[in-house]
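Secondary and tertiary structure notes
The lines below spell out each chain.
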Amino acid sequence: MNPYECLGVERTASAEEIKKAYRKLARETHPDLNPGDAAAETRFKEISVAHDVLGDEMRRRDFDEFGDVSLRAGFDGKQARAQQGRFSSRFGASGGATSQSRGNQFDGLDDLLKQFRGRGDFEGRTRFQTRGDDVESSMKLDFIEAIQGGERKLSVRRPAANGRLLKETVTVRIPPGVTDGGKLRIPGKGAEGSGGGAAGDLLIRVRVSDHPVFRRQGRHLEFDLPLTLAEALGGARIDVPTLDGKATLAIPAGTSSHARLRLRGKGIPGTGGRDPGHLFANIKIVLPKDLDAETLDALTSRDQEDPRKELFQ
């Protein structure tokens, strides 16, 4: 990627011109303004990376001097300049047995590396090593699967050092309680490095499906619990759904709609020595649609249709 071309600015652009171009493009491609547009999301990421490079004085200098190689993770401009200086002093155009006397013209570090590519180390010198880029992917998890954790097989494609794509199936360990939008890192499963450099990592963004009953609030869960008026007025003991089956919840007499009752330890399971979260029932009193005299007499009847049957379907 050429960050100048990505932002549509000249190489001589000032910091203010770069910032102005970035803001304009970011407004046009921001995911919040283009919901469901994958192309706009990809373009927004490219624009952000380009701005990160050109908005940083040292990174911009590295790109101007070394080009694409400076964009790779782990690139060290100071180290590259030092190595370039060592090569230039040994094979430069002045003094001793120069590169010109050999019939070759070395134009900086890049040309010199091309001359010795594939020939290994030269007189014991260390080759220029570059860590591979990180590769991003995504994985959609069921609500319960995200809470309980487990393992998944994921097919990925990652760049090889020769420029081709490697197809590989990776085992992903899902930690219990992973959240929607979270990232899982698989070390060494990104793009291969060059010159013997280490491979990058695989970064997996997690998307968690909604649950038909439960909603997540940090380590806690909540759900809406319908009650008949008779149950709310007189109190009751009723079965409610949990992650591991059913539990009995005591409804105090006189419970109002919008009350919030707690089942201790029935939320997200605890990990790493942490206590489990709780499960909260948000009370919703269900009244018949037509309240005539006969219906009013029936409100205290225990024979009213169960308003919670859909929770267990």
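For the structure itself, consult the block above.
Residues numbered from 1 in each chain as written. Predicted model: local features only at pLDDT ≥ 70, side-chain atom pairs only at ≥ 80, totals over all residues. Heavy atoms only, no water.

Some points on the sheet that holds strand β5 (residues 202–208)
On the basis of which strands lie adjacent, the open sheet formed by three strands has the order β1-β5-β4 and mixed pairing. Bordering the open sheet on either side are β1 (135–141) and β4 (183–186), each of which pairs with just one other strand. When strand polarity is set aside, the average angle formed by the axes of neighbouring strands in this sheet is 25°. One ladder, built from seven bridges, connects β1 with β5; its direction is parallel. Looking at the pairing, Lys140 lines up with Arg207 of β5. (Pairing = 2+ DSSP bridges. Helix = DSSP H or I, 4+ residues; strand = E, 2+ residues; numbered from the N terminus. Axes fitted to C-alpha atoms, helices over the stretch in contact; angles between N-to-C directions.)

Some points on the packing of aromatic side chains
Under the defined criterion, the tally for this structure stands at two aromatic pairs. Taking the centre distance of 6.0 Å and the plane angle of 45° together, the rings of Tyr4 and Phe63 count as tilted. One end of the pair, Tyr4, is in helix α1 (residues 3–7); the other, Phe63, is in helix α4 (residues 57–66), with 59 residues separating them in the sequence. Exposure remark for Tyr4: the relative accessible area of 2% places this residue in the buried category. Their ring planes at 85° and their centres at 6.0 Å tell us that Phe214 and Phe223 sit as a pair that is edge-to-face. Its relative accessible area of 5% is what places Phe214 among the buried residues. Over the ring of Phe280 we find Arg260; its NZ or CZ atom is 4.2 Å from the centre of that ring. (Phe/Tyr/Trp six-rings, centres within 6.5 Å; stacked < 30°, edge-to-face > 60°. Buried < 20%, exposed > 50% of the residue type's maximum accessible area, 1.4 Å probe, protein only. Lys NZ or Arg CZ within 6 Å of the ring centre and 35° of its normal.)

Focus on the pattern of salt bridges
As enumerated under the stated definition, the model contains 16 salt bridges in all. Linking Glu41 and Lys45 is a salt bridge whose minimum nitrogen-to-oxygen distance equals 4.0 Å. A residue pair is termed a helical-turn pair when its members lie 3 or 4 positions apart in one helix, as Glu41 and Lys45 do in helix α3 (residues 38–54) at four residues. Asp224 is the salt-bridge partner of Arg215, the closest N and O atoms lying 3.2 Å from each other. A relative accessible area of 33% means that Arg215 is categorised as partly exposed. Salt bridges linked by common partners bring Arg131, Asp134, Arg185 and Asp201 together as one network. (Salt bridge = Lys/Arg side-chain N within 4 Å of Asp/Glu carboxyl O.)

Concerning the environment of Ala281
Position of Ala281 among the secondary structure elements: in strand β11 (residues 279–286). Taking C-alpha positions, Ala281 is 8.0 Å from Leu263, a pair spaced 18 residues apart along the chain. Contacts of Ala281, omitting those with residues within four sequence positions, involve Phe223, Leu225, Leu249, Ala259, Arg260 and Leu261. (Contact = heavy atoms within 4.5 Å.)

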